[in-house]
Amino acid sequence: MIPSYLSTDNRAGDIHLPSAHFSKYARRVSTPATAIRNRFRSQRISRFTESVIREMTRLAVRHGAINLAQGFPDFPAPADLKRAAAEAIDADINQYAITWGAKPFRDAIAGKYKRTYGMEFDPEREITVCCGATEGMVASLLAVVDPGDEIVLFEPFYENYGPDSQLCGATPRYVTLHAPDWSFDPDELRAAFSSRTKAIILNSPNNPTGKVFTRQELEFIAGLCQEFDALAITDEIYEHILYDGAVHIPIMSLPGMRERSILVNSMSKTYSVTGWRVGWVLAAPDLTDSIRKVHDFLTVGAAAPLQQAGVQALSMAGNYYEHLSTEYAARRDHIVESLQSAGFKCFLPHGAYYVMTDISEFGFPDDSSFVRHLITNLGIAAVPGSSFYAQAGGGSQQVRFCFCKKYETLELARNQFLKLK
Ligand code: GLN
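Residues numbered from 1 in each chain as written. Predicted model: local features only at pLDDT ≥ 70, side-chain atom pairs only at ≥ 80, totals over all residues. Heavy atoms only, no water.

A few points about the pattern of salt bridges
Tallying each qualifying case throughout the model produces 21 salt bridges. Here Glu126 makes a salt bridge to Arg258, at a shortest N to O gap of 2.9 Å. In this pair, Glu126 sits in the loop between helix 6 (103–117) and strand 2 (127–130) while Arg258 sits in the loop between strand 6 (231–235) and strand 7 (261–266), placing the two residues 132 residues apart along the sequence. Residue classification places Glu126 among the buried positions, given a relative accessible area of 8%. Between Arg196 and Glu150 there is a salt bridge whose closest N-O contact spans 3.0 Å. Of this pair, Arg196 sits in the loop between helix 9 (186–192) and strand 5 (197–203) while Glu150 sits in strand 3 (residues 150–155), and the two are 46 residues apart along the sequence. One network of salt bridges, in which partners are shared, links Lys103, Arg106, Asp107 and Glu124. (Salt bridge = Lys/Arg side-chain N within 4 Å of Asp/Glu carboxyl O. Helix = DSSP H or I, 4+ residues; strand = E, 2+ residues; numbered from the N terminus. Buried < 20%, exposed > 50% of the residue type's maximum accessible area, 1.4 Å probe, protein only.)

Right, here's the structure in full:
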């Protein structure tokens, strides 16, 4: 039987109310825009500002500048993956995948972790596919953190982690990574942990510094997580972008950390598909249950045809990853050479595709005025260092450049940088 609301006999026009009935309630009050804004701005969003990285991309577009700000490639994604995505759409894989990820994709993820790290994950109970690592991180935090909990973050940090912590009502505790090698003081890290600590967020290879945490550092962090009954929530999206013999070790693979870690990753950087928004979260079954609940109500699921293409991506042969690192190492050397000849001091990255620089040579009062000059007068967008720091004054003489770009783009940038001299 057709439900009454679908029946053509029951059109909206059947309901007749006298217009007086409405006018009785229609009080028109003119409210100033600021009052509306103040009333309808939640406390949680008032605690952070918009993303500086994404703002720089908009500025780059507006000024027609070379975008060395937001970390995404300006060259095409691998042809095989583009074809796999197009074929998936053609094959009618266009409706919702299972909320926590299409089974073939979860199987491919499990297969890759087994091959790469010898780690076993049960695709049915320990893998959640989500809309990029960005959703993976926020869904994980919302699943495990309560208002009032504390989260330990290394500073400089990828700017999302601050707002992510605020969105779940947690208080971030910052621990400094000291230039030039971005080392941390173990006592300072220890002092940041307490009975209130719920988790540490660890991003290695690190954005923005290019630091790759060593086994010894990871073991120390793992020890603190166990001592203080905290989780390690890791963002490992640059796992395959490594230089100078650096090795990536998931902290989850260390003794005592399998049940105490949440590993977040995505296809974006490894397969040069940042716009696909396909990521995943690996965690023990109980943690995964909680994360899946949040993920389900946040987004239902990631794009089904792109998950299908992901099966092909995660099944790539080992030399794809070697090639990726070699390619980016050459681009790193290219940009570092250009920056140094223009007068920047570079902190050489050992992983990821950013280079943090020191701009004190140029005599600008701060990072923002320097970047404004770069964008408007030299046509190059970069990210002001301060956006990676919470403490006032942090990063005020630092600027981050990304180098996941065509040589042609890096060449153009080189010519512009030289004009700074
Ligand atoms: N991770 C990239 C960066 O740091 C892009 C971030 C984003 O905008 N999602 O630039």
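Further notes follow.
Overview of unusual backbone geometry
The phi angle of most residues is negative, glycine excepted, and most peptide bonds adopt the trans form. At the junction of Ser204 and Pro205, the peptide bond is cis and its omega measures out at -15 degrees in the coordinates. Note that the residue after Asn207, namely Pro208, is joined by a cis bond; omega there is 15 degrees. Unusually for a residue other than glycine, Trp182 sits at a positive phi of about 60 degrees. Along the chain, Trp182 turns up in the loop between strand 4 (171–176) and helix 9. Taking the relative accessible area as the measure of exposure, Trp182 reaches 2% and is therefore buried.

Looking at the site of the ligand
Around the ligand sit Ile53, Arg54, Ala69, Gln70, Gly71, Tyr158, Asn207, Tyr238, Lys269, Tyr354 and Arg400, and those are all the residues in its vicinity. Residue Gln70 places a side-chain N or O atom 2.6 Å away from an oxygen atom belonging to the ligand. Contacts to the ligand include Tyr354, whose side-chain N or O atom sits 3.4 Å from an oxygen atom. About the coverage of the ligand: the protein hides 88% of its 300 Å² of free accessible area. Among the detected pockets, the ligand sits in the second largest pocket. Residues of the shell around the ligand, tallied by class, amount to 5 nonpolar, 3 polar and 3 charged. (Near = heavy atom within 4 Å. Polar contact = N/O pair within 3.5 Å; in protein donor to acceptor, adjacent residues only side chain to side chain. Areas by Shrake-Rupley, 256 points an atom, 1.4 Å probe, with all protein chains shown as cover. 1 Å grid on protein atoms, 1.4 Å probe; cavity = no way out; pocket = protein on both sides within 12 Å on 5 of 7 lines; lining within 4 Å. Sits in = over half its atoms within 2 Å of the grid points. Nonpolar A, V, L, I, M, F, W, Y, C, P; charged D, E, K, R; others polar.)

Thoughts on helix 12 (residues 304–314)
Counting buried residues along helix 12, 8 of its 11 residues qualify, which places the element largely inside the surrounding structure. Contact partners of the buried residues in helix 12: helix 5 (79–90), helix 6, strand 2, strand 8 (279–282) and helix 13 (318–342). (Contact = heavy atoms within 4.5 Å.)

What to know about the state of the cysteines
Counting across every chain of the model gives 0 disulfides. Free of any disulfide, Cys130 has its nearest neighbouring cysteine sulfur in Cys131, separated by 6.9 Å. The class for Cys130 is buried, based on a relative accessible area of 1%. (Disulfide = S-S within 2.5 Å.)

Side note on the sheet that holds strand 8
The sheet built from 7 strands is open, its strands ordered 2-8-7-6-5-3-4 with mixed pairing. Either end of the sheet is taken by a strand with one partner, and the two such strands are strand 2 and strand 4. For this sheet, the mean inter-axis angle between neighbouring strands, taken without regard to orientation, is 20 degrees. Across 4 bridges, strand 3 lies against strand 5 in parallel orientation. What sits directly across from Ile151, in strand 5, is Ala199. The sheet contacts of helix 7 (residues 132–144) involve strand 2, strand 3, strand 5, strand 6, strand 7 and strand 8, and relative to strand 7 the element is tilted by about 160 degrees. (Pairing = 2+ DSSP bridges. Axes fitted to C-alpha atoms, helices over the stretch in contact; angles between N-to-C directions.)

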